[in-house]
Amino acid sequence: MILHRQVNFQIGLTVFTIIKKNMMNMSYCRFENTAKAMMECLNAIEDGDLYDFTPYELAGFKRVFAIAQQIVDNEEVLERMTEWYEEGEED
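What this report covers is the structure whose coordinates are included nearby. Computed from a prediction, not measured in an experiment: that's the story for all the values here.

This part is about the overall build of the protein chain. From N to C terminus, the protein chain includes 3 helices and 2 strands. Per-residue burial for the protein chain yields a buried fraction of 3% across its 91 residues. Counting only contacts in the protein chain whose residues sit at least 6 apart along the sequence, the fraction spanning at least 24 positions is 15%. Summed over its atoms, the accessible surface of the protein chain is roughly 8400 Å², and 58% of this surface lies on carbon and sulfur atoms.

The subject of this paragraph is the layout of surface pockets. Put simply, the second largest pocket is a space of about 390 Å³. Residue lining of the second largest pocket: 12 residues in total, with Phe31, Thr34, Met38, Ile71 and Leu78 positioned closest to the centre. Of all the secondary-structure elements, those providing two or more residues to the lining of the second largest pocket are α1 (30-47), α2 (55-73) and α3 (75-90). Here the lining of the second largest pocket takes 5 residues from α1, the largest share from any one element.

Take a negative patch on the surface next. A contiguous patch of negative charge, built from Asp73, Glu75, Glu76, Glu79, Glu83, Glu86, Glu87 and Glu89, is present on the exposed surface. Considering every element that reaches the negative patch, the biggest residue donor is α3, with 7 residues. Structurally, Glu75 is set in helix α3. In this structure Glu75 comes out as partly exposed when scored by relative accessible area, which is 46%.

What follows covers the pattern of salt bridges. Should their charged atoms come close, side chains of opposite charge can pair. Going through the model one piece at a time under the given rule, you end up with 1 salt bridge. Lys36 serves as the salt-bridge partner of Glu32, at 3.6 Å between the closest nitrogen and oxygen. Of this pair, Glu32 and Lys36 both sit in helix α1, 4 residues apart, which is roughly one turn of the helix. Given a relative accessible area of 48%, Glu32 falls into the partly exposed group.

With 18 residues, α1 extends 26 Å from end C-alpha to end C-alpha; this agrees with the ideal 26 Å at 1.5 Å per step. Gly48 occupies a position one or two residues after α1 and carries a positive phi of about 75 degrees.

This brings us to the packing of aromatic side chains. Within this structure, the stated rule accounts for 3 aromatic pairs. Residues Phe61 and Phe65 carry aromatic rings whose centres are separated by 5.1 Å and whose planes lie at 65 degrees to one another, so their mutual orientation is edge-to-face. With Phe61 and Phe65 both in helix α2 and 4 residues apart, the pair spans about one turn of that helix. Relative accessible area serves as the criterion here: at 24%, Phe61 is assigned to the partly exposed category. Looking at Phe65, the relative accessible area reads 44%, which means it is partly exposed. With centroids separated by 4.7 Å and ring planes inclined at 85 degrees, the aromatic side chains of Trp84 and Tyr85 adopt a geometry described as edge-to-face. Trp84 gets classed as exposed once you look at its relative accessible area, which sits at 55%.

What counts as what
Residues numbered from 1 in each chain as written. Predicted model: local features only at pLDDT ≥ 70, side-chain atom pairs only at ≥ 80, totals over all residues. Heavy atoms only, no water. Helix = DSSP H or I, 4+ residues; strand = E, 2+ residues; numbered from the N terminus. Buried < 20%, exposed > 50% of the residue type's maximum accessible area, 1.4 Å probe, protein only. Contact = heavy atoms within 4.5 Å. Areas by Shrake-Rupley, 256 points an atom, 1.4 Å probe, with all protein chains shown as cover. 1 Å grid on protein atoms, 1.4 Å probe; cavity = no way out; pocket = protein on both sides within 12 Å on 5 of 7 lines; lining within 4 Å. Points joined across faces, edges and corners; volume = space filled by probe spheres on them. Patch = residues over 30% accessible without salt bridge, like charges linked within 9 Å, V, L, I, M, F, W, Y side chains within 5 Å. Salt bridge = Lys/Arg side-chain N within 4 Å of Asp/Glu carboxyl O. Lys, Arg positive; Asp, Glu negative; His and termini not counted. Charge placed at Lys NZ, Arg CZ, Asp CG, Glu CD. Expected span 1.5 Å × (residues − 1). Phe/Tyr/Trp six-rings, centres within 6.5 Å; stacked < 30°, edge-to-face > 60°.

These results come straight from atomic positions and should not be treated as a statement about function.
Okay, structure coming up:
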């Protein structure tokens, strides 16, 4: 499923419209696909490929950091899920 979202913003007298197509991640590959996308972002950060941002991309860059921090703050979920799946493998 593809979702379309229109975003309008103005710089000076010019109004910009971005039509964003979001590909939905299916639940069975959500984390795998997101991990690949996060790796692309990390590579861009490490390569210093950060200086041609539109205001929209800068907002996304900031969101990535905020979401990453929330994920790190939930480290106990990783520990619980790892234990749960490892226990299932022993059966």
